[in-house]
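Structure at a glance
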Amino acid sequence: MPQVEARMAELFDVVLNTDDHQMDRAELIAAMREADVLVPCLSDRIDRAMLDEVFATPGARRLGLIANFGAGIEHIDLSAARAHKVIVTNTPGVYTDDTADMTMALIISAVRRFAEGVRQLHAGEWGGWAPSTLLGHRIGGRRLAIIGMGRIGQAVAHRARAFGMEVVYHNRHRVPAALENMLGARYEADLDQMIAQADILSLHCPASTETHHILSAARIASMKPDAYVINTARGDLIDEAALIDALENGRLGGAGLDVYTHEPTPDSRLSALPNVVMMPHMGSCTIEGREASGAKVIANIRFWADGHRPPDQVLEGWA
């Protein structure tokens, strides 16, 4: 964002990626050799070998902080950063409402078949109103199952309640009863049972070794044939091949996806399916969200530069 870059230039000696191109591995290593602080985003993967190479370079500056632009940090090797005494920060909470709004948009679009209608209209295939064409479902009264009841999961539950949906959730830890009552959400300890009974399943957990393919082929096979899968979290939460197979063979009602196993080139079979709503990973794409994320990055850098612990330091894996 221009405002964020301008403010950073006022406060720090900044080198910007002015054309916003995707920096390759060599460029990232070169940047870390010259910087005290690196500000990457989700698409900038930083692994142990890269950090080892940076710190093995004679005369390189001392990289002390990786101030990530965004909440997700699975693209950064935290254990390697700790080994080299590099602090990692992120920007949690700034995209909660944006992502929850996108989730509801995908739910409504998929269940009501809005995307199919748009495609027909744009292709000149619409034959006019008829009583039995493009029939979707009401979302009121349908069971929304949420995997991951953090900030975004809670924001989705809050919105879903306004639409008259029944909300159930599974989380590593049950949220307080007062919060459940406020959200109108019911805890389900048995994840397999929750998935099998869902009308709409929405994923809101972080990417990790524990959550990789949490929606597995077996769990997809257990779902109702008219159920919908919604994913605005991370692509590798779902066994995408199994999801495509179920959609192609009519074993699921549809899907609404903002993230994919392979980005930026999702499996072409998905785009061929009329019952799949696809978005280009834009759940966080609001001006307000980007500016708020940038403000958090600046705050984290300023705290670190002043010798204080940054407010959004990622503590996972740190002693």
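Residues numbered from 1 in each chain as written. Predicted model: local features only at pLDDT ≥ 70, side-chain atom pairs only at ≥ 80, totals over all residues. Heavy atoms only, no water.

With an unreviewed UniProt entry as reference, the chain is termed D-glycerate dehydrogenase, source organism Novosphingobium ovatum. Check the Sequence similarities (unreviewed entry) section of the UniProt entry for the chain; it says "Belongs to the D-isomer specific 2-hydroxyacid dehydrogenase family." (UniProt positions renumbered as here; feature names shortened; annotations may be inferred.)

1. Details of the overall build of the chain
Across its full length, the chain holds 13 helices and 10 strands. The globule rule puts the C-alpha radius of gyration for 319 residues at 20 Å, and the 22 Å found for the chain is close to it. Considered along the principal axes of its C-alpha atoms, the chain spans approximately 70 × 50 × 35 Å. A burial count over the chain gives 44% of its 319 residues as buried. Put simply, the chain shows about 16,200 Å² of open surface, and 54% of that area lies on carbon and sulfur atoms. (Helix = DSSP H or I, 4+ residues; strand = E, 2+ residues; numbered from the N terminus. Rg over C-alpha atoms; globule rule 2.2 N^0.38 Å. Buried < 20%, exposed > 50% of the residue type's maximum accessible area, 1.4 Å probe, protein only. Areas by Shrake-Rupley, 256 points an atom, 1.4 Å probe, with all protein chains shown as cover.)

2. Description of the pairing of strand E7 (residues 200-203)
Along E7, one buried face is formed by Ile200 and Ser202 and the opposite face, lined by Leu201 and Leu203, is buried too. Where strand E4 (residues 143-147) lies against E7, 4 bridges are found, and the strand directions are parallel. Bridging across to E7, Leu144 finds its partner in Ile200. (Pairing = 2+ DSSP bridges.)

3. Quick notes on the sheet that holds strand E1 (residues 37-38)
Taken in spatial order, the 3 strands line up as E1-E2-E3 in an open sheet, and their pairing is parallel. With partners counted over all chains shown, the strands left at the sheet margins are E1 and strand E3 (87-89), one partner each. The pairing of strand E2 (residues 65-67) with E3 spans 3 bridges and is parallel. From the neighbouring strand, Leu65 faces E3, where its bridge partner is Ile87. Those strands touched by helix H13 (residues 287-305) are E1, E2 and E3, and its axis lies near 165 degrees from that of E2. (Contact = heavy atoms within 4.5 Å. Axes fitted to C-alpha atoms, helices over the stretch in contact; angles between N-to-C directions.)

4. Focus: the environment of Arg186
By secondary structure assignment, the location of Arg186 is in strand E6 (residues 185-187). Between the C-alpha atom of Arg186 and that of Thr286, which follows or precedes it by 100 residues, the distance is 31 Å.

5. A short note on the pattern of salt bridges
In the structure shown here, the tally under the stated rule is 16 salt bridges. Put simply, Glu74 and Arg234 hold a salt bridge, and the shortest N to O gap is 2.2 Å. Taken as a pair, Glu74 in the loop between E2 and helix H4 (78-83) and Arg234 in the loop between strand E8 (228-231) and helix H11 (240-248) lie far apart in primary sequence, 160 residues in all. We note a salt bridge from Lys296 to Asp312, for which the minimum N-O separation is 3.6 Å. Of the two residues, Lys296 is situated in helix H13 and Asp312 in the segment after H13; the sequence distance between them amounts to 16 residues. One network of salt bridges, with partners in common, ties together Arg143, Glu166, Arg186 and Glu188. (Salt bridge = Lys/Arg side-chain N within 4 Å of Asp/Glu carboxyl O.)

6. Considerations on a nonpolar patch on the surface
Side chains of Leu121, Trp126 and Trp129 sit close together on the surface and give an oily, nonpolar patch of about 460 Å² of accessible area. The topology assignment puts Trp126 in the loop between helix H6 (114-122) and E4. (Patch = residues over 30% accessible without salt bridge, like charges linked within 9 Å, V, L, I, M, F, W, Y side chains within 5 Å.)

7. Overview of the packing of aromatic side chains
For the structure on display, the rule yields 1 aromatic pair. An angle of 55 degrees between the planes, with centres 5.3 Å apart, marks the rings of Tyr169 and Tyr187 as tilted. Separated by 18 residues along the polypeptide, Tyr169 in strand E5 (residues 166-170) and Tyr187 in strand E6 bring together distant segments of the chain. Given a relative accessible area of 0%, Tyr169 falls into the buried group. (Phe/Tyr/Trp six-rings, centres within 6.5 Å; stacked < 30°, edge-to-face > 60°.)

8. A look at the sheet that holds E6
The strand order across the open sheet formed by 7 strands is E6-E5-E4-E7-E8-E9-E10, and the pairing between neighbours is parallel. A strand with exactly one partner marks an edge of an open sheet, and here the two such strands are E6 and strand E10 (276-278). In this sheet, adjacent strand axes meet at a mean angle of 20 degrees when their direction is disregarded. The pairing of E8 with strand E9 (residues 254-257) spans 4 bridges and is parallel. In the strand pairing of E9, Tyr228 is matched with Gly254. The sheet strands contacting helix H7 (residues 151-162) are E4 and E5, and the helix crosses E4 at an angle near 170 degrees.

9. Digging into the side chain of Thr211
Inspection of the secondary structure puts Thr211 in the loop between E7 and helix H10 (217-221). You can call Thr211 buried: its relative accessible area is 11%. Residue contacts for Thr211: discarding those within four places in its chain leaves Cys205, Pro206, Asp236 and Leu237.

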